[in-house]
Amino acid sequence: MTAYGDDVCTLRVCRDCCCGTATKHPGVDHDGLLDRLESRTRGRARVLRSACLLACDESNVVVVSPSPAGRRRGGRPVWVRRVLDADAVDAITDWVAAGGPGVAPVTPEAAAGAFAPTSLARGYLET
Ligand code: FES
């Protein structure tokens, strides 16, 4: 168990050169979406801001990592692309509310945005 709790997932929200920028995604309320993600997962997930996750073509990227309990049950990080509106945020938060990777089946809405990162990006996340 971690200091955060056995059932607490981790969300890495990329905020760097592309993700979260008005330059790449004008007209998107990036701060509002991050607030929504945090408020809807409070007590269920740690929300971390990340430097570039080396998947800029998929921005905005969020990585949903399992809770310790979810990891013991086989859950692994799931990378989600194009988190650019409230529906995309809610797809993640609804899944996390149900337990996230390893605990609850990925919802169709979250699965729709899932993608396989490059080995370079995956390795970067694990460092
Ligand atoms: S800025 Fe998010 S993947 Fe590069």
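Definitions and limits used
Residues numbered from 1 in each chain as written. Predicted model: local features only at pLDDT ≥ 70, side-chain atom pairs only at ≥ 80, totals over all residues. Helix = DSSP H or I, 4+ residues; strand = E, 2+ residues; numbered from the N terminus. Expected span 1.5 Å × (residues − 1). Buried ≥ 20, exposed ≤ 12 C-beta atoms within 10 Å, placed from the backbone. Contact = placed C-beta atoms within 7 Å. Pairing = 2+ DSSP bridges.

Caption draft 1: Highlighting helix α3 (residues 86-98). Relative to the 18 Å expected for 13 residues at 1.5 Å per residue, α3 spans 18 Å between its end C-alpha atoms, a close match to the ideal helical length. Along α3, the residues that are buried comprise Ala88, Val89, Ala91, Ile92, Thr93, Trp95 and Val96. Where α3 is buried, its residues meet β1 (9-14), α1 (30-41), β2 (45-50), β3 (62-65), β4 (78-80) and α4 (108-113). Where α3 ends, the next residue or the one after it, glycine 99, has phi of about 130°, a positive value.

Caption draft 2: View of the sheet that holds strand β5 (residues 114-115). Read across the open sheet, the 5 strands follow the order β2-β1-β3-β4-β5; overall the sheet is mixed. Whereas interior strands pair on both sides, the edge strands pair on one side only; in this sheet they are β2 and β5. As paired strands, β1 and β2 are joined by 6 bridges and run parallel to one another. Looking across to β2, one finds that leucine 11 is bridged to valine 47.

Caption draft 3: Broad picture of the environment of histidine 25. As for its placement among the helices and strands, histidine 25 is situated in the loop between β1 and α1. Here the alpha-carbon distance between histidine 25 and alanine 97, two residues 72 residues apart in the chain, equals 28 Å.

Caption draft 4: Local environment of the environment of serine 50. With respect to the helices and strands, serine 50 occurs in strand β2. What makes serine 50 partly exposed here is the crowd of 17 C-beta atoms within 10 Å. Taking the C-alpha atoms as reference points, serine 50 and valine 13, 37 residues apart in sequence, are found 5.7 Å from one another. The residues contacting serine 50, other than those within four sequence positions of it, are Arg12, Val13, Cys14 and Arg15.

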